[in-house]
Amino acid sequence: MLSCSEKGRTERVLTVCPYCGTGCGLYLVVEDGHIAGVEPDSLHPVNEGELCVKGYFGYQHVEDPRRLTAPLVKKDGRFTPVSWDEALNFVAGRLTRIRQESGPDAFVLFASARATNEENYVAQKFARAVMGTNNVDHCARL
Amino acid sequence: MTNSIPEISQHTDVIFIIGSNTAECHPLVARHVIKAKERGAKLIVADPRLTEMANKADIWLRVPAGYNISLINGLLHVIVKEKLYNSDFVQNYTEGFDDLEKAVERYTPAYVEGLTGIPQQDLVEAARLFARAKNAAILYCMGVTQFSYGTGTVVSLSNLAVITGNLGRPGTGVNPLRGQNNVQGACDMGCLPNLLPGYLAVTDEGYRARFEKEWHVKLPSKPGLRIPEVADAILGGRVRAAYVFGENPVMSDPDSDHLRHAFEHLDLLVVQDIFLTETARLAHVVLPAACWGEKEGTFTNTERRVQRVRKAVNPPGEARDDWWIFSALAQKMDYGRMNYLHPQEIWDEVRRLVPEKFGGITHSRLEKVRGINWPCPAEDHPGTPILYQGGKFATPSGKANLRPVFFDPVRIPEEVGEFKNALAGKITELPDEEYPFTLTTGRRGYHYHTGTMTRKSWPITQVTPEQLIEINPRDARKLGIEDGDFVRLSTRRGSIAAKAWVTERVPEKTVFTTFHFWEANVNELTVNSTDPAACIPEFKVAAAKVEKITPAEFQAILQEKKKKYLVDLEAEVAGRLKSGRREAHV
């Protein structure tokens, strides 16, 4: 994976606010590979160079030290960091067994109104094409 | 939305906001409303709370929580009686007007005042203002939908827009303000148990065949479970495994203790997220996801505007894009049709499968513009900010359907049986002697949903550090509660404790609070009764009681909640995950 911002350089990356459904345009200001701030997009027809308090200040979670940085499997009641391979093998094995024993509808997927279109498309494809169930929903109602 | 946001400030003459705390929950939509007002537009707001928008309204209709249908039927009654409807539009583009006319007959201003307390003169004025506008737009949010009769309420609003001919033109429409950045997109992409991507029914053989051909599998035809049905399916032994990504249901779902209890009975709970959320703490496996700002793709906003989101920084440690995780898992399970290299490849598959809506929206077009509103069937198509232009509706007849909607707080009105296609509702849990308050719920301007993201931003937590329970000064006086006192708020499902905010924002006998804080999560108290069509829970009305408590009692309750939500686990795990930050992963 390429580093998006070289050391000593400031870049502005045009994107869309991650909070409500208004979809305001904003720039992430990146310094030395870290988010240094947010600037509103003045050319966006909805927010026209303005943002709300969440848009301006709600980016700090991205680099919070509590972010998850490794797959975790609960072993003897304790979360234990494992490799991707081990975590995915574990999940794939358990899902395959549960599907064999109880059928595809013993699985449910809660998708995410916070993730991208592409991720949601892939998630429902996983439920329908891989698991074989229509038990896929998300928090549209909540 | 049937229309787009910028039209409000440019074209709308009368804005009717109902069940939307726009200034706090969609501030940049509220800005267009204010700009419209500066241009001379009039604002009608229906809300039980004195929100910032209600405060700016030309007419504020203080409808009690749960009584929206009575109010809207009252508006329809006045418009029909005074013949203020658009008779050409009704004649040419609608069906069902006669039934609607009959159905709203009894919702006279006097009857509506008796039910809701809204002064007759205000109702009549609001109806006249709305109906006489050149372009009137309705904006609504969860204060309309989160009831066991939410579908009926939306249909009532549609009736109002239709009989006044306020559809298909700039500055009009029925406009839901969607709560999450990509809730529109998650629906568009088929993350619904009855619909494939593009709103194609799973029960339709032809639509399934379209996807079966691309995906190389036989697809299930039976609609799946909806989220509010999942807890009982787990406890009944029908569901054994749940996979949750980017969602925190033990905080956000109604009667949340019930769902937590169900999750504890799963054979497998996988949670894929950016933090060890309240839900993730219960999981057997937690998968670390890349976050907004760390990945490429698209979001679709409430106007159906598909926009590019871009990567600015690398994800920390081993965190990966959600699409990568699902693809890798599919490969482990021997499914070979999910080997993607980039989100653009995934989006192109969506375009191929649902060309009628997304075919013309390419990543390269999105590089040049601030989004494209679907439907956009071809690359030379400009997109569709306004639906139903020329009076063409997505019904079998092509005409807009008017449907009678009835409401009574206590029982489903009998007239509903006299009409075909009628809808009706009643409140699930009304206040009584033991639980004399109506509890209604929502958000605050500074925080977002379950606080997973906003509570990690210090400028935000500094301004809004804690939960507050809004209570009217007259009620507070009767209970000996002063502003800032600790109170316990209880329903039949449970209790939470927080400081009281004694304020005229809420009417008498109504209390309001949010689901931002695990310390006092209102969803431990909400009712899990749902709308039969949309399965949306009745978050906005529950019967509650309020008691003053001592700071020591508050501390004891806080310790209980801390244990229940395994609060210390997040810091403990983070500490052990010696965060191999960005550089380590490049």
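Within each chain, residue numbers correspond to sequence positions counted from 1 in written order. Written order decides the labels, with chains lettered from A and ligands numbered from 1. Local features in this predicted model are restricted to residues whose pLDDT is 70 or higher, and side-chain atom pairs enter the listing and the counts only when it is 80 or higher, whereas totals over whole chains, interfaces and linings include all residues.

## As for the overall build of chain A
Part 1 of the argument: Within chain A, the secondary structure is distributed over three helices and seven strands.
Part 2 of the argument: Going along the chain from the N terminus, every DSSP run of H or I of four or more residues is numbered as a helix, and every run of E of two or more is numbered as a strand. Beginning at the N terminus, the succession of helices and strands in chain A can be written as β-β-β-α-β-β-α-β-α-β.
Part 3 of the argument: In this treatment the radius of gyration is a C-alpha quantity, and the globule benchmark scales as 2.2 Å times the residue count to the 0.38 power. Taking 142 residues into account, the globule formula puts the C-alpha radius of gyration at 14 Å, and chain A, at 20 Å, lies well above it.
Part 4 of the argument: Principal axes of the C-alpha set define a box for chain A whose edges measure 55 × 35 × 25 Å.
Part 5 of the argument: Buried, partly exposed and exposed are defined by the number of other C-beta atoms within 10 Å of a residue's own C-beta, namely 20 or more, between the two limits, and 12 or fewer respectively, with C-beta atoms placed from the backbone. Looking at chain A as a whole, 56% of its 142 residues are labelled buried.
Part 6 of the argument: By sequence separation, contacts in chain A at least 24 residues apart represent 36% of the contacts at least 6 residues apart. Residues are treated as contacting if the C-beta atoms built from their backbones sit within 7 Å of each other.

## So, the interface of chain B and chain A
Part 1 of the argument: Contact residues are listed per partner, giving 126 residues for chain B and 98 residues for chain A.
Part 2 of the argument: Of all the elements, helix 17 (residues 322–332) of chain B adds the most residues to the side of chain B that touches chain A, at eight residues.
Part 3 of the argument: For this classification, the nonpolar set comprises Ala, Val, Leu, Ile, Met, Phe, Trp, Tyr, Cys and Pro, the charged set comprises Asp, Glu, Lys and Arg, and every other residue, Gly included, is treated as polar. Looking at the side of chain B that touches chain A residue by residue, the classes come out as 75 nonpolar, 28 polar and 23 charged.
Part 4 of the argument: Should DSSP find at least two bridges between two strands, the strands are taken to pair. Where strand 6 (residues 107–110) of chain A meets strand 9 (residues 241–245) of chain B, four bridges bridge the pair, whose relative direction is parallel. Following the sheet pairing, Phe107(A) is matched in strand 9 of chain B by Ala241(B).

## Focus: the domain arrangement of chain B
Part 1 of the argument: Segment limits for the domains were obtained from an automatic or database-derived domain assignment. With domains assigned, chain B is organised as domain 1 (6–177), domain 2 (183–373) and domain 3 (437–576).
Part 2 of the argument: On a C-alpha basis, the centroid separation for the pair domain 1 of chain B and domain 2 of chain B is 34 Å.

## A look at the packing of helix 3 (residues 117–131) of chain A against helix 17 of chain B
Part 1 of the argument: Axes here refer to lines fitted to C-alpha atoms; in helices the fit is confined to the stretch in contact. Angles between the N-to-C directions go from 0 to 180 degrees. Here helix 3 of chain A crosses helix 17 of chain B at 20°, and the two axes come no closer than 8 Å. As the angle between them shows, helix 3 of chain A and helix 17 of chain B are arranged roughly parallel. Crossing hand, helix 3 of chain A versus helix 17 of chain B: left-handed. Contacts between helix 3 of chain A and helix 17 of chain B involve Glu118(A), Glu119(A), Val122(A), Ala123(A), Phe126(A) and Val130(A) on the former and, on the latter, Asp322(B), Trp323(B), Phe326(B), Ser327(B), Leu329(B) and Ala330(B).
Part 2 of the argument: Among the residues making up the contact of helix 3 of chain A with helix 17 of chain B, the classes are represented as eight nonpolar, one polar and three charged. Each angle receives one of four descriptions, namely roughly parallel if under 35 degrees, roughly antiparallel if over 145, roughly perpendicular if within 65 to 115, and oblique otherwise. Helix crossings fall into two classes, left-handed where the near helix is turned counterclockwise from the far one by less than a right angle and right-handed where it is turned clockwise.

## Quick word on the domain arrangement of chain A
Part 1 of the argument: Split by domain assignment, chain A resolves into domain 1 (10–63) and domain 2 (72–141).
Part 2 of the argument: Inter-centroid distance (C-alpha atoms) of domain 1 of chain A to domain 2 of chain A is 31 Å.

## Observations concerning the nonpolar core
Part 1 of the argument: Note on definitions: a nonpolar core is a set of buried residues drawn from Ala, Val, Leu, Ile, Met, Phe, Trp, Tyr and Cys, linked by C-beta atoms within 7 Å. Grouped together as the largest cluster of nonpolar side chains are 220 residues, with contacts concentrated most on Ile15(B) and Leu75(B).
Part 2 of the argument: Ignoring anything within four residues of it in the chain, the contact list for Ile15(B) reads Ile8(B), Val33(B), Ala36(B), Ala41(B), Leu43(B), Ala137(B) and Leu139(B).

## What to know about the sheet that holds strand 2 (residues 25–31) of chain A
Residues and elements named next belong to chain A.
Part 1 of the argument: Sheet architecture is open: three strands sit in the order 1-2-3, paired in antiparallel fashion. For this open sheet the edge positions go to strand 1 (10–16) and strand 3 (34–40), each flanked by a neighbour on one side alone. Taken pair by pair, the neighbouring strands of this sheet meet at an average axis angle of 30°, ignoring direction.
Part 2 of the argument: The pairing of strand 1 with strand 2 spans seven bridges and is antiparallel. For arginine 12, the partnering residue across the bridge sits in strand 2 and is valine 29.

## Notes on the environment of Tyr207(B)
Part 1 of the argument: Position of Tyr207(B) among the secondary structure elements: in helix 13 (residues 205–215).
Part 2 of the argument: Among the residues examined, Tyr207(B) registers 20 C-beta atoms within 10 Å and is labelled buried.

## So, the pairing of strand 2 (residues 42–46) of chain B
Residues and elements named next belong to chain B.
Part 1 of the argument: Counting buried residues in strand 2 gives four out of five residues, a clear majority hidden from the surface.
Part 2 of the argument: Relative to strand 2, strand 1 (residues 14–18) runs parallel, the two sharing five bridges. Paired with valine 14 across the strands is lysine 42, a residue of strand 2.
Part 3 of the argument: In this sheet, strand 3 (residues 59–61) lies alongside strand 2 in parallel orientation, the contact comprising three bridges. Its bridge partner lying in strand 3, alanine 46 is registered against leucine 61.

## Quick word on helix 23 (residues 551–564) of chain B
Part 1 of the argument: Expected helix span is given by 1.5 Å per residue-to-residue step, counting one fewer step than there are residues. Across its 14 residues, helix 23 of chain B extends 20 Å between first and last C-alpha, which sits within 8% of the 20 Å expected from 1.5 Å per residue.
Part 2 of the argument: The positive-phi residue at the C-terminal boundary of helix 23 of chain B is Leu566(B), with phi of around 50°.

## Focus on the pairing of strand 13 (residues 305–309) of chain B
Residues and elements named next belong to chain B.
Part 1 of the argument: In terms of burial, strand 13 is a largely internal element, five of the five residues being buried.
Part 2 of the argument: With burial as the criterion, each face of strand 13 is covered, one bearing Arg305, Gln307 and Val309 and the other bearing Val306 and Arg308.
Part 3 of the argument: With four bridges connecting them, strand 12 (residues 297–300) and strand 13 associate as antiparallel partners. Within the sheet, the bridge partner assigned to glycine 297 lies in strand 13 and is valine 309.
Part 4 of the argument: What sits between the antiparallel neighbours strand 12 and strand 13 is a turn of four residues, in which arginine 304 has the positive phi angle 70°.
Part 5 of the argument: Across two bridges, strand 13 lies against strand 14 (residues 372–373) in antiparallel orientation. Residue valine 306 lies in a different strand from strand 14, and its bridge partner there is isoleucine 372.

## Structural notes on the confidence of the model for chain B
Part 1 of the argument: Each residue carries a pLDDT value, the predictor's own confidence for that position, ranging from 0 to 100. Residues of chain B with pLDDT of at least 70 account for 99%, and the chain-wide mean is 96.
Part 2 of the argument: For this predicted complex, the interface confidence score (ipTM) comes to 0.95, while the overall pTM stands at 0.95.

## Concerning unusual backbone geometry
Part 1 of the argument: For the bond from Trp374(B) to Pro375(B), the omega torsion is 0°, close enough to zero to count as cis.
Part 2 of the argument: In this structure, Glu48(A) takes a positive phi of about 40° despite not being glycine.
Part 3 of the argument: Relative to the helices and strands, Glu48(A) resides in the loop between strand 3 and helix 1 (53–57).
Part 4 of the argument: The backbone of Lys83(B) shows a phi angle near 50°, a positive value even though the residue is not glycine.
Part 5 of the argument: Following the sequence through the fold, Lys83(B) ends up in the loop between helix 5 (68–81) and helix 6 (87–93).

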